[in-house]
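Here are the chains, one letter per residue:
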Amino acid sequence: MMTQMVLRRIGIGFATLIVVSIIVFIGTSVLPGDVAQIILGQSATPATLAQLRSELGLDQPGYIRYFIWLGDMASGDLGTSKAGGASIVSLTSGRLGNTMMMAGIVSLISIPLSVALGLWAAMHPGTWLDRVITFGTLSTISVPEFFIATILVLVLAVELHWLPAIAYMSGDETGWQLMKALAMPLLTLVIVVSAQMIRMTRAGILNVMSSPYIEMAILKGVPRRRIILRHALLNAIGPIVNVIALNLAYLVSGVVIVETIFAYPGLAKLMIDGVQTRDLPLVQACAMIFCATYVVLILIADVASILSNPRLRHPK
Amino acid sequence: MKDKFRPQSGDITLSDLDPSDRSLVENAVKKGFSRREILKIMMATGVTAATANSLFTKSGEAMASTPKKGGSIRMASNLHGPDDQLDPRLFTSTIDYTRGRATYNSLIRHSNELVPQAELAETFEPNSDASEWTFKIRKGVSFHDGSPMTADDVVYSMSRHLGEDSTSVIKSVMSSVKEWKKVGQHEVKAILHSSNADLPTLLGLFQNKIIKNGSTGEGNGTGPFKMDSFEPGVKSVHTRNEDYWAEGANLDTIEITGITDPVARVNALISGDIQMATVIDPKAFRQVEEAEGVTLLSTPAALQMGICCLKNTAPGENADFVKGMQYIQDRERIVKKILKGKGSVGNDTPVMSAHGPDFCSELAQREFDPDKAKFHFKKAGISGAEIFSAPVVSGVQDAVLLAQANCAKIGFDLQVKKVPTDGYWGAVWMNEPVNVVTWNMRPTANSQMAIQFAPGAAWNDTYWNNDRMGELLRLSLSEIDPDKRHAMYCEMQTLIHNESGMVIPAFSNINDGISSNIMGMPSVPLGQLGACEWPELVWLA
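Notes on the structure follow.

1. Notes on the overall build of chain A
Helices and strands together make up the secondary structure of chain A, namely 14 helices and 0 strands. Put simply, chain A runs from its N terminus to its C terminus through helices and strands in the order α-α-α-α-α-α-α-α-α-α-α-α-α-α. Summarising its shape, the C-alpha atoms of chain A cover approximately 85 × 60 × 35 Å along the three principal directions. Looking at chain A as a whole, 46% of its 316 residues are labelled buried. Working note: accessible area of chain A is about 15500 Å², and carbon and sulfur atoms make up 70% of it. Taken together, the 20 basic and 15 acidic charged side chains of chain A have centroids lying 19 Å from each other.

Right under this line is the structure:
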């Protein structure tokens, strides 16, 4: 029964990907100007345009290009970048690695931090520390990330010269050097994603705390700490995991602004560059990678909440 | 030919110079130019010998510094992406040009005054009517992979810009060349369709780099730096070529990267993460000028802030509409307020003082005159128009809004349609009746005018086809007598000024930021950071 449910989720994930592929393909096709026009820019002439277009295969009808693209992608061939001529797999793999590294470090810091802070706030509601946490998280949620990033750069890099203003990696940094090079975007992202997770953890647990079985536990004299960790947390885990999954997906695909401000060579920035150069295969590949990341993470979150919920685990 | 910029006008002291000249001289001293170079600049600005001497004494310390080896520089351009290139004929942006300059050489390079200098060509000689040019190629030059550079490589590299199938960015610029021919192992000949006395200057263009026969560049050049790594849209790393054929570079390594966000670029410069930043926005001038350890470099250049009124359709076909648009431009205010003084007033021609003696300084400056503008708009019988504007050059959006406000005062309704730069060159430019434009500075007045105003030219962006203009463009190329040549250039600029559909209220300077300890910066006005000529020239104090 449960396997069936998981399989159905995976099936829905695949269908989503196909639908997205069509939307991405159509969406990129209706952008004004074509690759040839953008590559040549101001220096385009009709002759060089026609030449470049046929070189790039842009003279074939759209639906044929779609199926060729879909087939190639299914076989793991993402095509070649139209602007640079490099294979997209080689272009994206390094960038995906960078993005994953950033997302990984941010999650390693922010998930334990926010769950801990959220729990702490839930255990001691109404105390001054709870108020500080609530105020802090509400403020950071309401402020856009580029504002946080800019303030951090102004204070920590331009004024105090403590940290570099850009996340520039020469490629051979290890450990501490790497952390220092990445400190600014890491700090920004940890602040941005933790806020939401802290609030969700706190709210989720406080919500469960008002249910009858918790009241029963309290009446039985179970210590509050044990109630929260043993009973409340496990029941609140579903929504918390979902928020964590959404934030992880954001770390992979939604960090365009942070990557741009810190000139970090991640995947989202590659996609923006791809849009600017009308490198449609590259944009499509990035969009599909992002979409796949979302689908997989949401899938994991769904399975996790099924597993943590006996009613879903053993449906009647 | 290009002996001086402008006539001397009696005794002038340093304080009499206009701010841009003064900063030019001061910058030159600060950057450690040679005494001779500075004297030359001073002659151009009209300073007396006495003033020159006092300036030398004051800056003795800076003057004493001589190039020294070592150190590294990280440069960030304003644009980069997966389309970054190593193939010279597809170079389109500063980041490509800089990598090209570090990795490859050309036959000819430009001096700060745009005089062609021999580089891989040892000598270059025209025949009597400049329809054939002979180049003696330098011996003992080798590519980074060790193979020697010969006439075959030159003929191969230069021929890649010719022919129907060529996708070269400068195909049309180089189209006056019929054929490149190998004469000997170290001698080539360019056979032209028609005379062109300016050919050597064109050979200094960013795309005219010499690569190995049969290759597409691939980072294997004869240049002062060898390429260690190259990731498009991320960065490249270069180390000094110890086997270079000339004296060679001073820096040990350079890293070339891009930071597209203008605020982030300036922050990275000020915090010392990068030592060079291209394209500083006027809004950030003060921040850069006031920051410790960084310098704002501002080089006057013919980076036009233009408005095209298409002559083949309404309203541009009406000459009085164009006149109205020209008189409503508050040129002084655009330079002073919008460009913060880092620019020069335009006279509705694409040629300006940085082009040297071909600039027609005799042509009377068109002034801001709302009454005349009102008169001409009325005569044209037009009460409103629509202008398409995108931020193609710094300040142009604000200049258009200023024109809109001034138009409103005389009862003319100028509607501004703001559009993104993205896709602008394909969808708006040369299509919408009134649109903004910019052109990078071309090395010669002739190529600057020919690209936009030659009858039937592919990029004649006002569709103004004037037979006399075409004739003059051709004739002036083979005219060797300086006076006659100047008269021809003046006639062309007067024609454009009076009859074309072009409005050019101002030129923007080229503005970059560098660390103050970088010495020996070139100031070639053809592109950012001294037209990317710096890798071989600069050193760290």
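2. Focus on the nonpolar core
If you look at the biggest cluster of nonpolar residues, it comprises 91 residues, and the most contacted ones within it are Leu182(A) and Ile205(A). Ranked by residues supplied to this core, first place goes to helix 8 (residues 175-209) of chain A with 13 residues. For Leu182(A), the residues in contact, after removing those within four places along its chain, are Met101(A), Met102(A), Ile105(A), Ala167(A), Met169(A) and Tyr264(A). Counting residues in each nonpolar core, the second largest holds 81 residues, with Met227(B), Ala301(B), Phe388(B) and Val393(B) among its members.

3. Digging into the interface of chain A and chain B
With 41 residues of chain A at the interface, the matching set in chain B holds 39 residues. Buried surface at the junction of chain A and chain B, both sides included, amounts to about 3000 Å², of which 60% is carbon and sulfur. Here chain A and chain B share 0 salt bridges between them. Linking chain A with chain B are 3 residue pairs in polar contact (both at pLDDT 80 or more). Elements represented by at least two residues in the side of chain A that touches chain B include exactly helix 2 (35-40), helix 3 (46-56), helix 5 (88-123), helix 7 (145-159), helix 11 (256-261) and helix 12 (267-276) of chain A. With 5 residues, the single largest contributor to the side of chain A that touches chain B is helix 12 of chain A. Across the side of chain A that touches chain B, the residue classes break down as 20 nonpolar, 15 polar and 6 charged.

4. Here we look at the packing of helix 9 (residues 212-220) of chain A against helix 10 (residues 224-253) of chain A
Residue and element names in this part refer to chain A. Orientation of helix 9 relative to helix 10, taken along the N-to-C sense of each, is 175 degrees, at an axis distance of 11 Å. By the angle between their directions, the pair helix 9 and helix 10 is classed as roughly antiparallel. Between helix 9 and helix 10, the residues in contact are Tyr213, Ile214, Ala217 and Ile218 and Ile227, His231, Ala232 and Asn235, respectively. Of the residues that constitute the contact of helix 9 with helix 10, the class distribution is 6 nonpolar, 2 polar and no charged.

5. Quick notes on the state of the cysteines
Tallied over the entire structure, the rule returns 1 disulfide over all chains. Free cysteine: Cys286(A), not disulfide-bonded; nearest cysteine sulfur from Cys291(A) at 13 Å.

6. Some words on the pairing of strand 8 (residues 225-231) of chain B
In this sheet, strand 9 (residues 235-240) of chain B lies alongside strand 8 of chain B in antiparallel orientation, the contact comprising 6 bridges. Note on strand 9 of chain B: the bridge partner recorded for Met227(B) is His238(B).

7. Remarks on the packing of aromatic side chains
Aromatic rings in a pair are described by how distant their centres are and how their planes are angled relative to each other. All names here are of chain A. Under the criterion given, the structure shown has 11 aromatic pairs over all chains. Both rings, one in Phe25 and one in Tyr66, keep their centres 5.3 Å apart while their planes meet at 70 degrees; by these two values the pair is edge-to-face. Of this pair, Phe25 sits in helix 1 (residues 2-29) while Tyr66 is found in helix 4 (residues 62-74), placing the two residues 41 residues apart along the sequence. Residue Phe25 shares its accessibility class with Tyr66, and that shared class is buried.

Criteria and thresholds
- Residues numbered from 1 in each chain as written.
- Chains lettered and ligands numbered in written order.
- Predicted model: local features only at pLDDT ≥ 70, side-chain atom pairs only at ≥ 80, totals over all residues.
- Heavy atoms only, no water.
- Helix = DSSP H or I, 4+ residues; strand = E, 2+ residues; numbered from the N terminus.
- Buried < 20%, exposed > 50% of the residue type's maximum accessible area, 1.4 Å probe, protein only.
- Areas by Shrake-Rupley, 256 points an atom, 1.4 Å probe, with all protein chains shown as cover.
- Lys, Arg positive; Asp, Glu negative; His and termini not counted.
- Charge placed at Lys NZ, Arg CZ, Asp CG, Glu CD.
- Core = buried A, V, L, I, M, F, W, Y, C linked by side-chain atoms within 4.5 Å.
- Contact = heavy atoms within 4.5 Å.
- Buried area = accessible area lost by both parts, 1.4 Å probe.
- Salt bridge = Lys/Arg side-chain N within 4 Å of Asp/Glu carboxyl O.
- Polar contact = N/O pair within 3.5 Å; in protein donor to acceptor, adjacent residues only side chain to side chain.
- Nonpolar A, V, L, I, M, F, W, Y, C, P; charged D, E, K, R; others polar.
- Axes fitted to C-alpha atoms, helices over the stretch in contact; angles between N-to-C directions.
- Parallel < 35°, antiparallel > 145°, perpendicular 65-115°, else oblique.
- Disulfide = S-S within 2.5 Å.
- Pairing = 2+ DSSP bridges.
- Phe/Tyr/Trp six-rings, centres within 6.5 Å; stacked < 30°, edge-to-face > 60°.

Such coordinate-based values are descriptive only and should not be taken to indicate function.
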